[in-house]
Amino acid sequence: KQEVTQIPAALSVPEGENLVLNCSFTDSAIYNLQWFRQDPGKGLTSLLLIQSSQREQTSGRLNASLDKSSGRSTLYIAASQPGDSATYLCAVFKAAGNKLTFGGGTRVLVKP
Amino acid sequence: NAGVTQTPKFRILKIGQSMTLQCTQDMNHNYMYWYRQDPGMGLKLIYYSVGAGITDKGEVPNGYNVSRSTTEDFPLRLELAAPSQTSVYFCASKATANTEAFFGQGTRLTVV
């Protein structure tokens, strides 16, 4: 069974600091990994999708890396802003079984 | 472009009542998923489907049923509602194994 873990569960940083969010998974036979953002009381917004054959994916201030062999992905957010305050979730897709499995999320607070 | 649409947005049910949560996507996606999210937690998979006529159980299927008679629609049925089913329910879809998943805005359900 695929287990996905995000540590820490919560993180508080001053504005301007870089954010580093971690995601680990137990079964390395994944097809891809997706990072999402969730604002309080809202749905999930897709940030980045990284395929198993890729090492990293970038979009603006966001960069996601993937090390499939060690079962880890990291989301970097450069020069954080108060508007980056949200919960960030990672999800892994395993083609065998077609399940999309989520981690518990990291709640981020960026202080002005 | 509507994406993934969930109805209703909010609902209060009495114990023992039944209801259907609706999910529709207009992107011709094959894969569809139902999750529940309890306060402060990640998403748990209830049921999923890889195409019309095909459904499968996720982690927490007890107390729920689904059907997938068309590509667009994936309704979730709650029979005999219980307080433990109080949660926020999210529907998601993705086109193929190597594409990103998109989420609806959620249905907040309270069982009293």
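Below, the structure is looked at part by part. It should be emphasised that the depicted structure is a prediction, and the values quoted were computed from it without experimental measurement.

## Quick word on the sheet that holds strand S3 (residues 19–25) of chain B
Residue and element names in this part refer to chain B. The strand order across the open sheet built from four strands is S1-S3-S8-S7, with neighbouring strands paired in antiparallel fashion. In this open sheet, the two edge strands, each paired with only one partner strand, are strand S1 (4–7) and strand S7 (64–66). Going across the sheet, the axis of each strand differs from the next one's by a mean of 20°, ignoring polarity.

## Side note on the nonpolar core
Ranked by size, the top nonpolar core spans 22 residues in total, and within it A:Phe25, A:Leu33, A:Trp35, A:Leu75 and A:Tyr88 carry the most contacts. Going through the elements one at a time, strand S3 (19–25), strand S4 (32–38), strand S5 (44–51), strand S7 (62–67), strand S8 (72–77), strand S9 (86–94) and strand S11 (106–111) of chain A are the ones with two or more residues in this core.

## Some words on the side chain of B:Ser49
Residue and element names in this part refer to chain B. Structurally, the position occupied by Ser 49 is in strand S5 (residues 43–51). A polar contact is formed between the side chain of Ser 49 and the side chain of Arg 68, at a distance of 2.7 Å. Those residues in contact with Ser 49 that lie beyond four places of it in its chain are Asn 30, Tyr 31, Met 32, Ile 54, Thr 55, Arg 68 and Phe 74.

## Things to note about the pattern of salt bridges
Considering all chains together, one arrives at six salt bridges over all chains under this definition. Here A:Arg37 and A:Asp39 are joined by a salt bridge, their closest N and O atoms 2.9 Å apart. For A:Asp39, a relative accessible area of 28% corresponds to the partly exposed category. Where B:Glu79 meets B:Arg77, a salt bridge forms, and the shortest distance between an N and an O atom there is 3.1 Å. Here B:Glu79 falls in the partly exposed class, since its relative accessible area comes to 37%.

## Concerning the interface of chain B and chain A
A common way to report how large an interface is uses the accessible area buried once the components associate. The partner chain A presents 22 residues to the 23 residues of chain B that form the contact. Regarding the contact of chain B and chain A, the summed buried area is about 1,700 Å², with carbon and sulfur atoms giving 56% of it. Broken down residue by residue, the surface that chain B buries against chain A is led by B:Leu43, B:Asn98 and B:Phe103, which jointly contribute 23%. The tally of links between chain B and chain A comes to zero salt bridges.

The rules behind the values
- Residues numbered from 1 in each chain as written.
- Chains lettered and ligands numbered in written order.
- Predicted model: local features only at pLDDT ≥ 70, side-chain atom pairs only at ≥ 80, totals over all residues.
- Heavy atoms only, no water.
- Pairing = 2+ DSSP bridges.
- Helix = DSSP H or I, 4+ residues; strand = E, 2+ residues; numbered from the N terminus.
- Axes fitted to C-alpha atoms, helices over the stretch in contact; angles between N-to-C directions.
- Core = buried A, V, L, I, M, F, W, Y, C linked by side-chain atoms within 4.5 Å.
- Buried < 20%, exposed > 50% of the residue type's maximum accessible area, 1.4 Å probe, protein only.
- Polar contact = N/O pair within 3.5 Å; in protein donor to acceptor, adjacent residues only side chain to side chain.
- Contact = heavy atoms within 4.5 Å.
- Salt bridge = Lys/Arg side-chain N within 4 Å of Asp/Glu carboxyl O.
- Buried area = accessible area lost by both parts, 1.4 Å probe.

All we've got here are geometric facts, nothing functional implied.
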